[in-house]
Amino acid sequence: MSDHKNLIEIEHLTKSFDDVIAVNDISFSVKQGEIFGFLGPNGAGKTTTINMLTGLSRPDAGRIVVEGLDYSGNPKVAQHLIGTVPDESNLYPELTGFDNLCFCASLYGIRRNERRKRAEELLRAFGLQDAAGRKFSGYSKGMKRKLTIAAGIIHRPPILFLDEPTTGIDVSSARQIRRLISDLNTEGTTIFLTTHYIEEAERLCERIAFIVSGRIIRINTVENLMRQTQGEHVVQFAFQAAADKACEHIVSTFPDLRCQAVPEGIRVESSRPVRVGPLVRFLEDDGIEVMEARKILPTLEDVFVQITGIEPGAMKKEKEKIKMGNNG
Amino acid sequence: MNTWIAFWNILAKDMRSYYLKPPNISWGLLFPLLWIAMFFVRSGLGMDKLPDLLPGLMALSILFGTTSVLSVTVTFEKKSRSFERLLLAPIPLEILMLAKTSGAILFGTINAFVPLFAAMFLIDLSGVSWGFLIPATVLIAISSTFLGLFISVSVKEVFEAQTFSNFFRFPMIFLCGLFFPIAALPMYLRPLSYALPLTYGTDILRGSMTGSNVMPLGSNFLILAVFCVMLFYISLRNINRRWIT
């Protein structure tokens, strides 16, 4: 991937809304053929960045170059090169799935026969052929998401922007969508993905940028980001007792350990290997019956927490709440 | 890229989704016919007065037909974010908004011909200057549609679009010389009359039907055209400033 040319180049991009700086002087590039992840909590500036890259928002400062075309002043010159899937499915509720795709194709100047052929091809590829004649308003959330992705690639763009593609949909649909994203990338589409699901980014992306409060705080390959946690040793203890109290006792007795309450019990971290025996005995002396102790391999989530100090669980819940609010 | 493919498909989709829906067709037909019936019942005037009433009826049919549908549909699409689909397409904003408003212009023009068509069976229209009447009807439809566009770009909610439309429509009905000659209005209201596009449109219609226009027809056409261009560009500027933030 490293020898591929840069397809998107962003230089010193800045955007404010009234007194709030939504995106603060960010610079990065996206290589041809990669899946680039843009990760951050709600309100970090992910959607604002996508809006500027797709032409829905005008930057206050900075430069955007897509396939060599500088479109900071006029995004229309490069909009034929990009496909966009917004964070909410925004197709026309009164049109059928097939008509929605044909209409979206017409917006890119595709002729009638070609757009019908392409719409049928995408409906088949996304497993929506049986719902082709149904109105979009009658689709399930997962089906809406899939059709919105299909509409985003109807004109075969070399670059696809996906804003939170799996938020608020069921597990099986999310899985199918991840597979579709992966297939699209294999076929040559460069993908810019924003998500707050860290495991999704870890599974799909080659490079990831962490954005917090409008600033990119880390950008690297998943492999290099994971290297940061090498030397970290994590053991999780499962039990049914007050985890916060247990953590307090452990930290005061074993000062070289870090402890965190998790739903199953506690999670103990150290820069040296964690000796399980003394800890189990200590907990049992404290009246806690330990059900299980297992070594946890560090994940991108741990890297994210280490770098940003933000708990991904809270981030996920907050986003789901917003989504539910919007839908409700 | 063939921009015209996008243009025709936006127009065709809007016609299918909004303007050719049974409630809108019935509104387009019933509204002007009810206005005719109301005038005759209330005024007690005879058929010979119909040519005096027709310009007003046509103008009102256009004004209500265009502003009500366009301002609501654009606000609805903006609110449901499907309008973003159009903004993301590589179509110049001017062409995009012309495509979006063409449906309303057609709808308004057709609405205007409903009372005229009904009148054909009641009175002799051989004295009508069609060369003035048809372009005037289209120009009134364009200016009213662009007024609807201006309204939809100025509001956020669908209900606001309706309320804001009435803010323009009702004063316009009473101040544009439809019911009362502008000369009969109090002095302080007259400048307001001349600031309304419908004043010039109805004057051309009146001139082309009865020859009783107050201002020269050429000036009326010119001023109406200036209104169209002005409203369109103010709307485009507002879209650029408010929707592409």
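Data block above holds the structure.
Residues numbered from 1 in each chain as written. Chains lettered and ligands numbered in written order. Predicted model: local features only at pLDDT ≥ 70, side-chain atom pairs only at ≥ 80, totals over all residues. Heavy atoms only, no water.

Caption draft 1: Focus on the nonpolar core. A:L101, A:I208, A:F210 and B:M97 are the most contacted members of the largest nonpolar core, which totals 134 residues. In terms of residue count, helix 3 (residues 50-79) of chain B provides more of this core than any other element does, 13 residues in total. Core analysis: the next-biggest nonpolar cluster, separate from the first, contains 25 residues, A:I10, A:I64, A:Y71 and A:I159 among them. (Core = buried A, V, L, I, M, F, W, Y, C linked by side-chain atoms within 4.5 Å. Buried < 20%, exposed > 50% of the residue type's maximum accessible area, 1.4 Å probe, protein only. Helix = DSSP H or I, 4+ residues; strand = E, 2+ residues; numbered from the N terminus.)

Caption draft 2: Broad picture of unusual backbone geometry. Residue and element names in this part refer to chain A. Phi is positive for D18, close to 55 degrees, though the residue is something other than glycine. Residue position: D18 is located in the loop between strand 1 (6-17) and strand 2 (20-31). Positive phi, close to 50 degrees, is recorded for R156, a residue that is not glycine. Within the element layout of this structure, R156 appears in the loop between helix 4 (141-152) and strand 7 (159-163).

Caption draft 3: Expanded view of the packing of helix 1 (residues 3-19) of chain B against helix 3 of chain B. Residue and element names in this part refer to chain B. Helix 3 packs onto helix 1 with a crossing angle of 105 degrees between their chain directions and a minimal axis gap of 12 Å. Between helix 1 and helix 3, the angle falls in the class roughly perpendicular. Packed against helix 1, whose contacting residues are K13, D14, Y18 and Y19, the element helix 3 presents V69, L70, T73, F76 and E77 at the interface. Here the residues of the contact of helix 1 with helix 3 are counted per class, giving five nonpolar, one polar and three charged. (Axes fitted to C-alpha atoms, helices over the stretch in contact; angles between N-to-C directions. Parallel < 35°, antiparallel > 145°, perpendicular 65-115°, else oblique. Contact = heavy atoms within 4.5 Å. Nonpolar A, V, L, I, M, F, W, Y, C, P; charged D, E, K, R; others polar.)

Caption draft 4: Structural context of a negative patch on the surface. All names here are of chain A. On the surface, a cluster of negative charge is made up of E284, D285, D286 and E289. As for its placement among the helices and strands, D285 is situated in helix 9 (residues 276-285). Of the residues examined, D285 reaches a relative accessible area of 70% and is grouped as exposed. (Patch = residues over 30% accessible without salt bridge, like charges linked within 9 Å, V, L, I, M, F, W, Y side chains within 5 Å. Areas by Shrake-Rupley, 256 points an atom, 1.4 Å probe, with all protein chains shown as cover. Salt bridge = Lys/Arg side-chain N within 4 Å of Asp/Glu carboxyl O. Lys, Arg positive; Asp, Glu negative; His and termini not counted. Charge placed at Lys NZ, Arg CZ, Asp CG, Glu CD.)

Caption draft 5: Examining the sheet that holds strand 14 (residues 292-296) of chain A more closely. Residue and element names in this part refer to chain A. If you trace the four strands from one edge of the open sheet to the other, you get 12-13-11-14, paired in antiparallel fashion. Each edge of the sheet is formed by a strand with only one pairing partner; in this case those strands are strand 12 (258-262) and strand 14. Strand-to-strand twist across the sheet, computed as the mean angle between neighbouring axes with direction ignored, equals 20 degrees. Bridge count for strand 11 (residues 233-238) against strand 13 (residues 265-270) is six bridges, and the pairing is antiparallel. Across the sheet, the residue bridging to H233 is S270, located in strand 13. (Pairing = 2+ DSSP bridges.)

Caption draft 6: Summary view of the interface of chain B and chain A. If you look at the interface, chain B gives 26 residues, while chain A gives 32 residues. When the two sides are added together, the surface that chain B and chain A hide from each other amounts to roughly 2700 Å², 54% of it contributed by carbon and sulfur. The largest share of the area that chain B buries against chain A comes from B:R81, B:R85 and B:L88, three residues that together contribute 29% of it. Where chain B meets chain A, there are three salt bridges. Linking chain B with chain A are 13 residue pairs in polar contact (both at pLDDT 80 or more), by the criterion used here. In terms of residue count, helix 1 of chain B provides more of the side of chain B that touches chain A than any other element does, eight residues in total. (Buried area = accessible area lost by both parts, 1.4 Å probe. Polar contact = N/O pair within 3.5 Å; in protein donor to acceptor, adjacent residues only side chain to side chain.)

Structural measurements only, silent on function.
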